[in-house]
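Observations on the model geometry
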Amino acid sequence: MTTQESTKIFRHIIPNYDEITLFAMGFTCGLLLIAGIFSANWQISKPLSRDDLNFFVLAALFLTGLVFSIYHAFTVRPKKSFEKLLMLFFAVILNAASGIMAGTYFLKDAQGWLVIFPIINIIDGALLLIMLRARIINEDNIDDENAARRQVAFTGALIIILFTVCQFIFDLLWMQTLSICVVYSSNLNRGVQTLIARLLSRYRFA
């Protein structure tokens, strides 16, 4: 295998996150958090342990990356290196966690050849964590290009529609809703926006 062929393969394996993708994932988490506030019981019945504190530190880093992912969709200010690292941490943990949780859940009921889909989700999630740990992906995988306001607004509207359909019409579990919205954000959103823009352009000049 040549170096050029290897580069092409890794280009498809290693993710790159632009502002629209990060905003879509952050906005999805925001919707889930809002929905969770009205349905969850937040009482703490035992003293915090060291593991709990470690969890809260990681959660704080995750939430900070989430905030930056939404914030930078609305500003033209260049991203600082530490902001990129936090945004990368947020994106990788979200993708990995949603893939592993959804894959593990669906694996219990999958039969025959359908078992391949949850297994792929679990493998993808594990690979993301390995690449983050090994620094194969880093802050360079966060795009510096600023998102257009119309893209942000359109993405927000699509995420709200998708979230509403999954959570309230089909009554899916929160992990299923999260997984679907994250997959859409990471893999389909840019294609959907391009397709709709082309259709609108043809209609306008027809």
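This text follows the structure it describes.
Figured I'd write up the structure that's included with this text. (Residues numbered from 1 in each chain as written. Predicted model: local features only at pLDDT ≥ 70, side-chain atom pairs only at ≥ 80, totals over all residues. Heavy atoms only, no water.)

Attention now goes to a nonpolar patch on the surface. Side chains of L107, I116, I119, I120, I123, L127 and I130 sit close together on the surface and give an oily, nonpolar patch of about 550 Å² of accessible area. For I119, the position within the fold is in helix 5 (residues 116-133). (Patch = residues over 30% accessible without salt bridge, like charges linked within 9 Å, V, L, I, M, F, W, Y side chains within 5 Å. Areas by Shrake-Rupley, 256 points an atom, 1.4 Å probe, with all protein chains shown as cover. Salt bridge = Lys/Arg side-chain N within 4 Å of Asp/Glu carboxyl O. Helix = DSSP H or I, 4+ residues; strand = E, 2+ residues; numbered from the N terminus.)

Our next topic: the nonpolar core. Ranked by internal contacts, the top residues of the largest apolar core, which has 32 residues, are Y17, M25 and L94. Elements with a minimum of two residues in this core: helix 2 (19-37), helix 3 (50-71), helix 4 (81-107), helix 5, helix 6 (149-169) and helix 7 (174-204). Looking at this core element by element, the count peaks at nine residues for helix 4. Beyond its immediate stretch of four places on either side in the chain, M25 contacts Y17, F90, A91, L94, N95, V182, S185 and S186. Counting five residues, the second largest nonpolar core, distinct from the first, contains I20, F23, A73 and V152. (Core = buried A, V, L, I, M, F, W, Y, C linked by side-chain atoms within 4.5 Å. Buried < 20%, exposed > 50% of the residue type's maximum accessible area, 1.4 Å probe, protein only. Contact = heavy atoms within 4.5 Å.)

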